Amino acid sequence: MMFCLEGCLKQLDQRRLNMAVTLGTIASALLGYSNKFGTEGQGSMSTNVVGLILLPISVLMVMYATWSFHRRTQMIRRREDGPFDDVRLPIILAIVLVLGKTTTAYCPH
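Attention here is on the structure that accompanies the text.

1. So, the overall build of the protein chain
Here comes step 1: Broken down by element type, the protein chain carries three helices and zero strands.
Here comes step 2: In sequence order, the protein chain lays out its α and β elements as α-α-α.
Here comes step 3: Looking at the protein chain residue by residue over its 109 residues, the buried ones come to 27%.
Here comes step 4: The long-range share in the protein chain, meaning contacts at least 24 apart out of those at least 6 apart in sequence, stands at 70%.
Here comes step 5: Summed over its atoms, the accessible surface of the protein chain is roughly 7500 Å², and 68% of this surface lies on carbon and sulfur atoms.

Dropping the structure here:
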């Protein structure tokens, strides 16, 4: 039973890391696009702001997934019955991502 649980939790943390890397790639692309490279009309302030919001979020997601992986690994090694899932942080992350994406509507173009 422990092997099944351990495999499921590793897969969940791997998905969180994949999502964080994808989000970081999108943020880096937005920041690269927002720099004008000497030409007019390429990029805008809103892409710069969204990129600057999403990049730290992706770094925090990597830190959270790593912390979560190590915490769960220690719980499995100690054979604890404790709650292996985390409900609050993914909800907070979703709210922060929605707020980060809605800032584009209020940024000057």
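Next comes the rest of the description.
2. Topic: the nonpolar core
Soluble globular proteins tend to pack their nonpolar side chains together in the buried interior.
Here comes step 1: Of all hydrophobic cores here, the largest spans eight residues; its members are A20, L23, A27, V50, L54, I57, M61 and L97.
Here comes step 2: At the level of secondary structure, the elements contributing two or more residues to this core comprise α1 (2-34) and α2 (45-77).
Here comes step 3: Broken down by element, this core gets its largest block of residues, four residues, from α2.

3. With respect to the pattern of salt bridges
Here comes step 1: In the structure shown here, the tally under the stated rule is one salt bridge.
Here comes step 2: The residue E80 makes a salt bridge to R78 at a minimum N-O spacing of 2.6 Å.

About the thresholds
- Residues numbered from 1 in each chain as written.
- Predicted model: local features only at pLDDT ≥ 70, side-chain atom pairs only at ≥ 80, totals over all residues.
- Heavy atoms only, no water.
- Helix = DSSP H or I, 4+ residues; strand = E, 2+ residues; numbered from the N terminus.
- Buried < 20%, exposed > 50% of the residue type's maximum accessible area, 1.4 Å probe, protein only.
- Contact = heavy atoms within 4.5 Å.
- Areas by Shrake-Rupley, 256 points an atom, 1.4 Å probe, with all protein chains shown as cover.
- Core = buried A, V, L, I, M, F, W, Y, C linked by side-chain atoms within 4.5 Å.
- Salt bridge = Lys/Arg side-chain N within 4 Å of Asp/Glu carboxyl O.

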